[in-house]
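Coordinate analysis (summary)
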Amino acid sequence: SSSSRDEALRDKRARILSRGLPKQRPVEGVKQVVVLASGKGGVGKSTTAVNIALALAANDSTKEVGLLDADIYGPSIPKMMNLKGNPELTPKNLMRPLKNYGIACMSMGFLIEETAPVVWRGLMVMSAVEKLLRQVDWGQLDYLVIDMPPGTGDVQLSVSQNIPIAGAVIISTPQDVALLDAHKGAEMFRKVHVPVLGLVQNMSVFQCPNCKHETHIFGADGVRDLAKTLGLDILGDIPLHVNIRETCDSGQPVVVSQPQSDA
């Protein structure tokens, strides 16, 4: 019958498409991987990733948490986590993550000079990400938080197809141009069968420190509207606050330096 022929064709197409895909292998010692992503750069994704990793550890002291900076071209985790230096090697030739605030961190920033640009093509970048994931002695982690580079390119696909991911969190400001890219980011993860846990609206409102007047610099509720469109949850609504920026720039993220603050 035509329906059985259609089904056979669909099966054949699925087999052909899956041939070129790598087999997913877990990262040794890591129970769950959470990726933090944004379609657009400059929306505070790394700041959010750092504070989420620290919050996971703060919420349950029995949990071991790691943080991987997968942004090869613009690694910012070393500065935000106040870490410098080169990783030591274990007897098995694996890199030992650098640690601060109880979080095991790995970044391209530990392997190159702070001001040195990475002038590489895509294949070299993917190879570097693979090494940062697998040639690291992560120990035993309950959560590995991965700070993805912006966009929906090689690194995102490579990570999504090579390791099992518990879920992705999409960060965006309420600005329309950021929301366009956030929408694409969410759809990309759905296409590669990574669950999207929800969205975080960042830089949502600015309160004047003098008169307390609130201004929605990047627009109001744009991420909430996108969440409704996509049928996803809003996981957090973070204001544009000078303390959040200052604490990350000084290597003392707000979750550890000001845990009782509203931010």
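Details of the structure are given in the entry above.
Attention here is on the structure that accompanies the text. Computed from a predicted model, the values in this text were never measured in an experiment.

Our focus in this paragraph is the packing of helix H4 (residues 122-134) against helix H5 (residues 154-162). At their nearest, the axes of H4 and H5 sit 10 Å apart, and the two run at 40° to each other. Taken together, the axes of H4 and H5 lie oblique to each other. For the element pair H4 and H5, the recorded crossing hand is right-handed. Contacts between H4 and H5 pair Gly-122, Val-125, Met-126, Val-129, Glu-130 and Arg-134 from the former with Asp-154, Val-155, Ser-158, Val-159 and Asn-162 from the latter. Across the contact of H4 with H5, the residue classes break down as five nonpolar, three polar and three charged.

Moving on, we come to unusual backbone geometry. The phi torsion at Asn-93 lies on the positive side, around 65°, for a residue other than glycine. Of note, Asn-93 is situated in the loop between helix H3 (77-80) and strand S3 (98-100). One non-glycine residue, Asp-221, lies in positive phi territory at about 65°. One can find Asp-221 in the loop between strand S9 (214-215) and helix H7 (222-230).

Reading the values: rules and limits
- Residues numbered from 1 in each chain as written.
- Predicted model: local features only at pLDDT ≥ 70, side-chain atom pairs only at ≥ 80, totals over all residues.
- Heavy atoms only, no water.
- Axes fitted to C-alpha atoms, helices over the stretch in contact; angles between N-to-C directions.
- Helix = DSSP H or I, 4+ residues; strand = E, 2+ residues; numbered from the N terminus.
- Parallel < 35°, antiparallel > 145°, perpendicular 65-115°, else oblique.
- Left-handed = near helix turned anticlockwise from the far one by under 90°.
- Contact = heavy atoms within 4.5 Å.
- Nonpolar A, V, L, I, M, F, W, Y, C, P; charged D, E, K, R; others polar.

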